[in-house]
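Residues per chain are reported as follows:
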Amino acid sequence: DSGVTQTPKHLITATGQRVTLRCSPRSGDLSVYWYQQSLDQGLQFLIHYYNGEERAKGNILERFSAQQFPDLHSELNLSSLELGDSALYFCASSVTTSGSGGAGDTQYFGPGTRLTVL
Amino acid sequence: AQTVTQSQPEMSVQEAETVTLSCTYDTSESDYYLFWYKQPPSRQMILVIRQEAYKQQNATENRFSVNFQKAAKSFSLKISDSQLGDAAMYFCACRFSNDYKLSFGAGTTVTVRA
């Protein structure tokens with residue numbers, strides 16, 4: 001158990017709908033990262049938050065958004081869902097004490113949310 | 001572009017034997033961190049081992065060890081005394097000093113034969 005929790009574990013929805021994925025980082029971790037794992041794209045970085053502020057964006061679609069709350073949990077919102085959004089979405093957390101990136105920080109992953117869009 | 005390449009889609013090993021997974025990366029940075037993650041059928045991403053680029057000594061964690069060749073930009077993972085529970089997909093990942101994210105290779109599926 002990494003200490004990172006994600007809910008729900010599975011989500012099945014229809015095209016055009018909106019869903020919210022939730023992540024709670026390990027105790028004491030200030031950084032949260034979101035990744036998408038799909039069969040054709042592999043593991044792709046979506047976005048990074050540090051202590052409530054957005055720090056970096058990756059290949060995140062405009063239909064997707066995220067935020068990190070004062071209690072450090074994070075939510076990833078996916079809207080106008082398409083079939084191609086079906087994937088495993090991971091949240092990871094790390095300490096990142098400086099907020100400057102902390103390349104040495106090890107990222108610990110949650111169990112993931114399996115999203116299926118029908 | 002900073003990339004991570006795993007050229008072996010699949011590897012098979014006999015139980016109790018040793019298998020080595022290859023990983024190469026491309027970067028002009030001198031400071032970075034390398035990781036191997038294991039993804040078993042449960043799909044959980046589990047950290048196996050980590051290596052700091054500034055350290056010459058290869059990292060070891062029980063039956064898992066790495067061969068880090070900085071000049072060659074190579075970071076291979078050796079699994080010794082393979083066990084059935086080692087069957088999983090293994091991802092090589094790199095965190096470059098000017099970046100926040102992990103960059104992943106495509107993964108290598110390891111099958112352990114009893």
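What you see is a predicted model, and the numbers here were worked out from it, not measured in a lab. (Residues numbered from 1 in each chain as written. Chains lettered and ligands numbered in written order. Predicted model: local features only at pLDDT ≥ 70, side-chain atom pairs only at ≥ 80, totals over all residues. Heavy atoms only, no water.)

Peer 1: I would appreciate a short explanation of the interface of chain B and chain A in the present structure.
Peer 2: One widely used convention gives an interface's size as the accessible area the parts lose upon coming together. Counting from both sides, the interface comprises 17 residues of chain B and, opposite them, 26 residues of chain A. Carbon and sulfur atoms make up 57% of the area that chain B and chain A hide from each other, which totals about 1800 Å². On the chain B side of the interface with chain A, the three residues burying the most area are Arg43(B), Arg95(B) and Tyr100(B), jointly 37% of the side's total. Applying the counting rule to chain B against chain A returns zero salt bridges. Counting the contacts that link chain B with chain A gives eight residue pairs in polar contact (both at pLDDT 80 or more). Going through the elements one at a time, β5 (32-39), β6 (46-52) and β10 (88-96) of chain B are the ones with two or more residues in the side of chain B that touches chain A. The leading source of residues in the side of chain B that touches chain A is β5(B), at four residues. Its residues assigned to classes, the side of chain B that touches chain A shows ten nonpolar, three polar and four charged. (Contact = heavy atoms within 4.5 Å. Buried area = accessible area lost by both parts, 1.4 Å probe. Salt bridge = Lys/Arg side-chain N within 4 Å of Asp/Glu carboxyl O. Polar contact = N/O pair within 3.5 Å; in protein donor to acceptor, adjacent residues only side chain to side chain. Helix = DSSP H or I, 4+ residues; strand = E, 2+ residues; numbered from the N terminus. Nonpolar A, V, L, I, M, F, W, Y, C, P; charged D, E, K, R; others polar.)

Peer 1: I keep staring at the layout of surface pockets and nothing clicks. Help me out?
Peer 2: To find leftover empty space, a probe the size of one water molecule is rolled over the atoms. Taken as a whole, the largest pocket spans an internal volume of roughly 310 Å³. The wall of the largest pocket is formed by 15 residues, among which Gln37(A), Ser38(A), Leu39(A), Gly42(A) and Arg43(B) lie closest to the centre. Looking at the lining of the largest pocket, the elements that each hand over two or more residues are β4 (31-38) and β9 (87-94) of chain A together with β10 of chain B. Looking at side-chain class alone, the lining of the largest pocket contains six nonpolar, six polar and three charged residues. Going through the elements one at a time, β4 and β5 (42-50) of chain A are the ones with two or more residues in the lining of the second largest pocket. (1 Å grid on protein atoms, 1.4 Å probe; cavity = no way out; pocket = protein on both sides within 12 Å on 5 of 7 lines; lining within 4 Å. Points joined across faces, edges and corners; volume = space filled by probe spheres on them.)

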